[in-house]
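Observations on the three-dimensional arrangement
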Amino acid sequence: MRCQVSVLYFARSAELAGLRCESLSVPRRITARQLWEEIVRAHPRSTCFLEISSWSCSPETKLPSSHQLAEAESAQVLLGTTRNNFEGKKVIHLEYEAYTSMAETEIKKICRDVRQKWPSIKHIALHHRLGVVPITEASVIIAVSSPHRAESLEAVMYCINTLKASVPIWKKYRDCSEFHP
């Protein structure tokens, strides 16, 4: 049995995939690694934008079971990647650093806020890489599932906007000397 997963593409990943959003049919019982493989299979010429060097969970972690997916019909995924330019300057890579304990606290708060604002949300995953992130690689991934698409889409947007505004993670552009929150 298969289910539909909505995948959202942003920045360089959207350019490489040639689209902003798509729905993929995936097996109901699937691991995180298998989901990535399904996305790569859908875009074989653009595999470089899906290279993940840091997982927020084990790549072998089982994603929601068929029973859980039956309750959560819509899964939205945001994959934010490093662009090759910023304000007209060439970017080779980004360097992220964080006040880790506060960042973890703020991310947990975002997840709690999502559950309060959208009680129908079934699952939330939010991960931001730290350290060097080369162009085309993912720096942030957010996944939210719910019974209806509208709630999970709104929750994903809330997560990324709130993460950027309140989580103490700073990025340094290779060719710039300042940190930009």
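The notes below deal with the structure included here.

Parameters and conventions
- Residues numbered from 1 in each chain as written.
- Predicted model: local features only at pLDDT ≥ 70, side-chain atom pairs only at ≥ 80, totals over all residues.
- Heavy atoms only, no water.
- Helix = DSSP H or I, 4+ residues; strand = E, 2+ residues; numbered from the N terminus.
- Buried < 20%, exposed > 50% of the residue type's maximum accessible area, 1.4 Å probe, protein only.
- Contact = heavy atoms within 4.5 Å.
- Areas by Shrake-Rupley, 256 points an atom, 1.4 Å probe, with all protein chains shown as cover.
- Patch = residues over 30% accessible without salt bridge, like charges linked within 9 Å, V, L, I, M, F, W, Y side chains within 5 Å.
- Salt bridge = Lys/Arg side-chain N within 4 Å of Asp/Glu carboxyl O.
- Axes fitted to C-alpha atoms, helices over the stretch in contact; angles between N-to-C directions.
- Left-handed = near helix turned anticlockwise from the far one by under 90°.
- Nonpolar A, V, L, I, M, F, W, Y, C, P; charged D, E, K, R; others polar.
- Pairing = 2+ DSSP bridges.

What follows concerns the overall build of the chain. Of regular secondary structure, the chain possesses five helices and eleven strands. Every one of the 181 residues in the chain was classed for burial, and the buried ones make up 45%. Within the chain, residue pairs in contact and separated by at least 24 positions form 69% of the contacts whose partners lie at least 6 positions apart. Here the chain has roughly 9,900 Å² of accessible surface; of this, 52% comes from carbon and sulfur atoms.

Take a nonpolar patch on the surface next. On the surface, Tyr99, Met102 and Trp170 cluster together into a nonpolar patch covering about 300 Å² of accessible area. Among the secondary structure elements, tyrosine 99 is positioned in the loop between strand E6 (93–98) and helix H4 (100–117). Residue class for tyrosine 99 comes out partly exposed when judged on its relative accessible area of 47%.

Its place among the elements puts cysteine 111 in helix H4. Residue classification places cysteine 111 among the buried positions, given a relative accessible area of 19%. A C-alpha to C-alpha distance of 9.5 Å links cysteine 111 and histidine 123, two positions twelve residues apart in sequence.

Here we come to the pattern of salt bridges. Applying the stated criterion across every chain yields a total of two salt bridges. Residue aspartate 113 pairs with lysine 109 through a salt bridge whose shortest N-O separation is 3.1 Å. Placement of the pair is aspartate 113 and lysine 109 together in helix H4, with a separation of four residues, close to one helical turn.

Our focus in this paragraph is the packing of H4 against helix H5 (residues 149–166). Where H4 contacts H5, the axes come no closer than 10 Å and their chain directions differ by 150°. Once H4 is placed against H5, the crossing between them reads as right-handed. Of H5, the residues touching H4 (which contributes Glu106, Ile110, Asp113, Val114 and Lys117) are Ala155, Tyr158, Cys159, Thr162, Leu163 and Ser166. Residues of the contact of H4 with H5, tallied by class, amount to six nonpolar, two polar and three charged.

Burial runs high along strand E9 (residues 138–146): seven of the nine residues are buried. Sheet analysis places strand E3 (residues 74–81) next to E9, joined by eight bridges and oriented antiparallel. Along E9, the bridge assignment pairs glutamine 76 with valine 144. As paired elements, strand E7 (residues 123–128) and E9 share six bridges and run antiparallel to each other. Paired with histidine 128 across the strands is valine 140, a residue of E9.

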